[in-house]
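# Residue-level structural notes
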Amino acid sequence: MKTIIFDLDGTLLDTLADLADSANYTMEQMGYQTYPLESYRYFVGNGVPKLLERCLPKDKRTEENISAARKLFSEYYNIHFADKTRPYDGVNELLENLKKSGVKMAVASNKSDEFTQSIVKRFFGNVFDIVQGGKADVPKKPAPDIAFGIMERLGAVPENTYFAGDSNVDMYTAKNAGLTAIGCLWGFRTKEELLDSGANFLAEKPSDIYDIIIKRG
């Protein structure tokens, strides 16, 4: 049995604009600098608290400020998370083809588990076997714990499991869990970052993932 674990933001869904809008709204409300969309390619990837910490001025990154920012961000993002967010072209077809081929599929995100469940269901229905977001008792990616937990629930083994993502966080997660890492070039980060962080394969488009998993045997 083959298994693939997908990152969410920048891999399955193009969420960057809604994340950027929500973070900029938060910074505006707090009286701090906002940032252009491209800057957020390097701010996201480690969960919302780290995103907001990166947005705050260096001398304002206190626990109190981060907590206040999270409250503002959550209130705005929970309303506007789907304003501009869409699946990347070809993703739905990829998921359909993998499912037809008997591949087990999961999502692993550093977004909160509750929100990850909600957004995946909204855009993809019940196509995934397991969806898991961040939980207080599970270390965030690139720690391998989330991948280990998913594999245990699916009865999967590392040598037949792939991890697809768009950032160094995802490539390190794959390596830390002993999985085959697929770097997705349509996401938020660069080819160089993916290769430097250990990608075994690069996918220029979603259908390449099907070829990597199915056609290479």
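Anyway, here's the lowdown on the structure attached to this text. Note that residues are indexed from 1 along each chain, following the sequence as it is written. Given that this is a predicted model, residues contribute local features only at a pLDDT of at least 70 and side-chain atom pairs are listed and counted only at 80 or more, while totals for whole chains, interfaces and linings are drawn from all residues. Hydrogens and water are ignored here; the side-chain numbers use all heavy atoms of the structure.

### Quick word on empty space enclosed by the protein
Going by this rule: We place a 1 Å grid over just the protein atoms. Points where a 1.4 Å probe fits but has no way out form a cavity, open points with protein on both sides within 12 Å along at least 5 of 7 lines form a pocket, and any residue with an atom within 4 Å of a point lines it. Grid points are joined across faces, edges and corners, and a volume is the space filled by probe spheres set on the points. Helix and strand assignments follow DSSP, with helices taken as H or I runs no shorter than four residues and strands as E runs no shorter than two, numbered in order from the N terminus. In the scheme used here, Gly and all other residues not listed as nonpolar or charged are polar, with Ala, Val, Leu, Ile, Met, Phe, Trp, Tyr, Cys and Pro taken as nonpolar and Asp, Glu, Lys and Arg as charged.
Counted by the stated rule, this structure contains one cavity of 30 Å³ or more. Looking at the lining of the largest cavity, the element that brings in the most residues is strand E4 (residues 104-112), giving three residues. Residues belonging to the lining of the largest cavity are distributed by class as follows: six nonpolar, six polar and eight charged.

### A short note on the layout of surface pockets
Its volume calculated, the largest pocket comes out at about 350 Å³. Around the largest pocket, the lining comprises 14 residues; the ones closest to its centre are Val48, Arg70, Ser74, Lys111 and Ser112. For the lining of the largest pocket, the secondary-structure elements that each account for two or more residues are helix H2 (48-55), helix H3 (63-80), E4 and helix H5 (113-124). Per-element tally for the lining of the largest pocket: the top contributor is H3, with five residues. Counted by class, the lining of the largest pocket contains five nonpolar, five polar and four charged residues.

### Let's talk about the pairing of strand E5 (residues 130-134)
Spelled out, the test is: Note on classification: 1.4 Å probe, protein chains only; a residue is buried when its accessible area is under 20% of the maximum for its type, exposed when over 50%, partly exposed between these limits. Strand pairing is defined by DSSP finding a minimum of two bridges between the two strands. Look down the strands so they point away from you; if going from the first strand over the helix to the second traces a clockwise path, that crossover is right-handed.
Here E5 lies mainly inside the structure; five of its five residues are buried. Sheet analysis places E4 next to E5, joined by four bridges and oriented parallel. When the bridges of E5 are listed, Ala108 appears paired with Gln132. Where the polypeptide runs from E4 across H5 and back to E5, its parallel neighbour, the crossover connection is right-handed.

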